[in-house]
Amino acid sequence: MAKSKREFYELPNIATSSDIINAARHSIKAAATSRPFTPSEGKRSLFTTRPTSSSSSIDLSELNVTPRVLSPIDSPKTQKRKDDQKKKESSNFEAYWRSKITPILGSLNMELENVDILNQVEELSECLLRGGFLTGSVALPHQYKVKVFQCLINLLDKKDTRLLLKISRLLLCLGVYEKNLISISKLIFKLTRCENNDAIFLEEKTVHSLLNVLNQQKIEENGLAFVYCIGALKVLSANTDNTIGEILVQYGVLQVLERHLITCNTSNEMESEVKSNLLIQILGALRNLCDIPATEKLLGEMSVCEQLQYTMTHHYNDSEVLLNSCRLLSRMSLFTEMCAMLSHNNDILNLLLKVIDNYTNDPQLLIRCAFVLGNITGQHSHAALHLHDNGSIVESMLSLCKVYKAKLVEKTTKEKQTVTKDVLCKAVRVITNVLQHEKVAVSVTPQLIKMFISLGQIAAQAKIHEIALNVLCGLNNMSFYNKEGSLFVKHRAILTDFLIKLLAVNNVAITIETLGVLGNLAQYHDVAEKLAQDKHVFEIAATLLDSENSDLVYKSCGLLVNITKYKEFHEKLPSKIVTQCVEVLCDVGMLDVELSTVTLFLLWNILYLKEIKTTEEERTKLLTVLHDYTDHTYCESETWITQFHPVAKRLIGLLDSGSELLPL
């Protein structure tokens, strides 16, 4: 049997079985869950729901030069020298242009094969680079820039991706603004929508050109162009092998996106729709880049958490901005340091809970919000208690469960059913995580208990195991803190009936959790009696003692310990149970201290009350094992000596002398 972390009992040195159960602090645990499913888009797009324009025309009318103004300090002689120098430079420029550039422009036309056009464009690019026109060292006069633009733009009707990217990159290097920048950005984005083009984007270094635009142009003046530029980077960063994403992070894209996120949050110069569209692209790109290993450390050094808080606050009525914000938060909450940072940001925690309360009919948004809250509350107590004290988180999640439990039983499409299940799973997980804390667990309402039972029943019947497991984890947390007279304990009869039915579910994880909660409840005589009256419970528990799964064996032992402290229930035990327990000891020994020790507690109750007849062979084998295991040469571990030895020595004494000690 494989050793695993124990989740239910923590055995003191010598204690009653009730003490064993009640001392189990580390049985309180957070519920696990899967990440929200975000299907990959069949068509890479800017938005989930918003329409986008498909126009990509390019306007040459913007290409103009500002008239030169003579500086007041220029004297006539100084001006003459400048004019002479300018004539010389102009002569050199004219010669270079006529010999190098004009022949290429004259030969470029749509009639050529794509490969020939591609070669010509590459040659044109090299000549412009050598002439200093692409580096900014030599200004390209307006009329010549127009000639290059006219020639290149006439080629944009070609369908060759590599050619279009080369032309687009060359135009960006020459400098395009306003409408033309929008058109080129839109064209580049259009080409990113085909995943097969990703390798060409890398080879042609188009991502570098996009980053240059984002670094050199002002977002306030080029909002729509930036929507397409950042949208292109967002789509490319979603590439499955992360190659492009790694290059983008290496070239500082995270810092660029952070800067533009701050500008969007603080600028009053942009139209609200453009700003909203920009935020969606920025947040989407940041989320995709979270898959790059280097991102976690870099995000921790940035102000993204604070900016997200601002974005969500000021765009609270924009569901798509909220959705993209929560998608990013959902990914960030999987990072240890980022999750810790989020746990201390009460404003974000309150915002997430507010979204849960007000966007009940937006399941995708709810799933992300609940996923983030589940990650945070599962790891950080202060955040869970803040949400309980200041936000009524259990009530909010309970209300959500009511709405989506009703949807769960409705006849609808498979896709909608999957989403409904996901909402419920994430909501129950949040409740379960908050129930780790005594302050919350002892204040549970009848409505919550009944909701958990109802959801658990539906989930078990429909084989929605994740919901059932989260419900059981929540019940386990409640059962740990609630004592005699508490509301939870008063519901133990209906809880026991529900849990007995769950034992029939063919799922190991569910069986483990069910046995754990039953073990907590079985300290009460009426629960032990109810369990003993159901022959299947004893059969299942006894059978599981032979399991290869150490957690199943452990939970079965724990349940049987509490039941067997009552003599009247021993007649229900199988005759071979002593042999089974001895075999468990032989199998695990010091490899699993907790399992070996709880097995001793079960043996004590069985042998002390003497309702089960044991053979001499069984007693001899057990004594041999106990003597071997309490020999200090067997194991010198402090845990083994302090936990196992005291119980084992008492059992040896019982077997040797017929001690009058009480059941454990």
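Residues numbered from 1 in each chain as written. Predicted model: local features only at pLDDT ≥ 70, side-chain atom pairs only at ≥ 80, totals over all residues. Heavy atoms only, no water.

Trainee: Looking at this structure, I do not really get the overall build of the protein. What am I missing?
Mentor: Within the protein one finds 34 helices and zero strands. Element-wise, carbon and sulfur atoms account for 50% of the exposed surface of the protein, whose accessible area totals about 29700 Å². (Helix = DSSP H or I, 4+ residues; strand = E, 2+ residues; numbered from the N terminus. Areas by Shrake-Rupley, 256 points an atom, 1.4 Å probe, with all protein chains shown as cover.)

Trainee: Got a minute to help me understand empty space enclosed by the protein in this structure?
Mentor: Unfilled space is identified by rolling a water-sized probe across the atoms. Under the defined criterion, the tally for this structure stands at two cavities of 30 Å³ or more. Here the second largest cavity is characterised by a volume of approximately 30 Å³. Lining the second largest cavity are Ser-479, Asn-482, Phe-488, Val-489, Asn-520, Leu-521, Gln-523 and Tyr-524. Residue assignment for the lining of the second largest cavity shows that the elements contributing at least two residues are helix 25 (487-490) and helix 27 (508-521). Among the residues making up the lining of the second largest cavity, the classes are represented as four nonpolar, four polar and no charged. (1 Å grid on protein atoms, 1.4 Å probe; cavity = no way out; pocket = protein on both sides within 12 Å on 5 of 7 lines; lining within 4 Å. Points joined across faces, edges and corners; volume = space filled by probe spheres on them. Nonpolar A, V, L, I, M, F, W, Y, C, P; charged D, E, K, R; others polar.)

Trainee: Explanation requested: the confidence of the model for the protein in the structure shown.
Mentor: If pLDDT is low for a region, its predicted coordinates should not be looked at in detail. Mean pLDDT over the protein: 87, with 86% of residues reaching 70 or higher. Across residues 1-26, where pLDDT falls below 50, the model places 92 contacts with residues more than four positions away in sequence or in other chains. For residues 659-663, every residue scores under 50 in pLDDT, and the model assigns this stretch 14 contacts once sequence neighbours within four places are set aside. (pLDDT = per-residue confidence, 0-100. Contact = heavy atoms within 4.5 Å.)

Trainee: Please clarify how the packing of helix 23 (residues 446-461) against helix 24 (residues 465-481) should be interpreted in this entry.
Mentor: Each pair of packed helices can be described by the angle between their axes along with the distance between the axes. Between helix 23 and helix 24, the least distance of the axes is 8 Å, while the angle of their chain directions is 145°. Viewed along their axes, helix 23 and helix 24 form a crossing whose handedness is left-handed. Judged by residue contacts, Leu-448, Ile-449, Phe-452, Leu-455, Gly-456 and Ala-459 of helix 23 engage Ile-467, Ala-468, Val-471, Gly-474, Leu-475 and Met-478 from helix 24. Classifying every residue of the contact of helix 23 with helix 24 gives ten nonpolar, two polar and no charged. (Axes fitted to C-alpha atoms, helices over the stretch in contact; angles between N-to-C directions. Left-handed = near helix turned anticlockwise from the far one by under 90°.)

Trainee: For this particular structure, what's the right way to read the packing of aromatic side chains?
Mentor: The geometry of two aromatic rings is summed up by the distance between their centres and the angle between their planes. Within this structure, the stated rule accounts for 16 aromatic pairs. Consider the rings of Phe-93 and Tyr-144, whose centres lie 4.8 Å apart with planes at 85°: the pair is edge-to-face. Placement of Phe-93 in helix 2 (residues 76-107) and of Tyr-144 in helix 4 (residues 142-153) is noted, with a sequence separation of 51 residues between them. Overall, Phe-93 belongs to the buried group, its relative accessible area being 12%. Through successive ring pairs, a cluster of aromatic residues spans Phe-93, Tyr-96, Trp-97, Phe-133 and Tyr-144. (Phe/Tyr/Trp six-rings, centres within 6.5 Å; stacked < 30°, edge-to-face > 60°. Buried < 20%, exposed > 50% of the residue type's maximum accessible area, 1.4 Å probe, protein only.)

Trainee: Would you mind showing me how to read helix 20 (residues 393-408) here?
Mentor: A turn of α-helix holds 3.6 residues, and therefore any two residues three or four places apart point the same way. For helix 20, which comprises 16 residues, the first-to-last C-alpha distance of 22 Å matches the rise-based estimate of 22 Å (1.5 Å per residue) to within 8%. Among the residues of helix 20, those classed as buried are Ile-393, Val-394, Ser-396, Met-397, Leu-398, Leu-400, Cys-401, Tyr-404 and Leu-408. The elements touched by buried residues of helix 20 are helix 17 (346-358), helix 18 (363-379), helix 19 (381-391), helix 21 (414-434), helix 22 (438-441) and helix 23. (Expected span 1.5 Å × (residues − 1).)

Trainee: Explain the pattern of salt bridges to me, please; I cannot follow it from the model alone.
Mentor: Pairing between side chains becomes possible if they bear opposite charge and their charged atoms approach one another. Applying the stated criterion across every chain yields a total of 14 salt bridges. Lys-530 is paired through a salt bridge with Asp-497; the nearest N and O atoms lie 3.2 Å apart. Of this pair, Lys-530 sits in helix 28 (residues 525-533) while Asp-497 is found in helix 26 (residues 492-502), placing the two residues 33 residues apart along the sequence. Here Lys-530 falls in the partly exposed class, since its relative accessible area comes to 28%. Of the residues examined, Asp-497 reaches a relative accessible area of 34% and is grouped as partly exposed. (Salt bridge = Lys/Arg side-chain N within 4 Å of Asp/Glu carboxyl O.)

Trainee: Please explain unusual backbone geometry as it appears in this structure.
Mentor: Of all residues except glycine, most have a negative phi; of all peptide bonds, most are trans. The residue Glu-178 is not glycine, and still its phi comes out positive at about 50°. Relative to the helices and strands, Glu-178 resides in helix 6 (residues 178-192). Here Glu-178 falls in the exposed class, since its relative accessible area comes to 53%. In this structure, Lys-463 is a non-glycine residue whose phi angle is positive, near 60°. Mapped onto the secondary structure, Lys-463 falls in the loop between helix 23 and helix 24. Judged by relative accessible area, Lys-463 falls into the exposed class, the value being 67%.

Trainee: Would you explain the environment of Ala-468 in this entry?
Mentor: For Ala-468, the location among the structural elements is in helix 24. Note: C-alpha distance between Ala-468 and Cys-425 (43 residues apart in sequence) is 8.5 Å. Those residues within four positions of Ala-468 in sequence are excluded, and the remaining contacts are Ala-459 and Ile-510.

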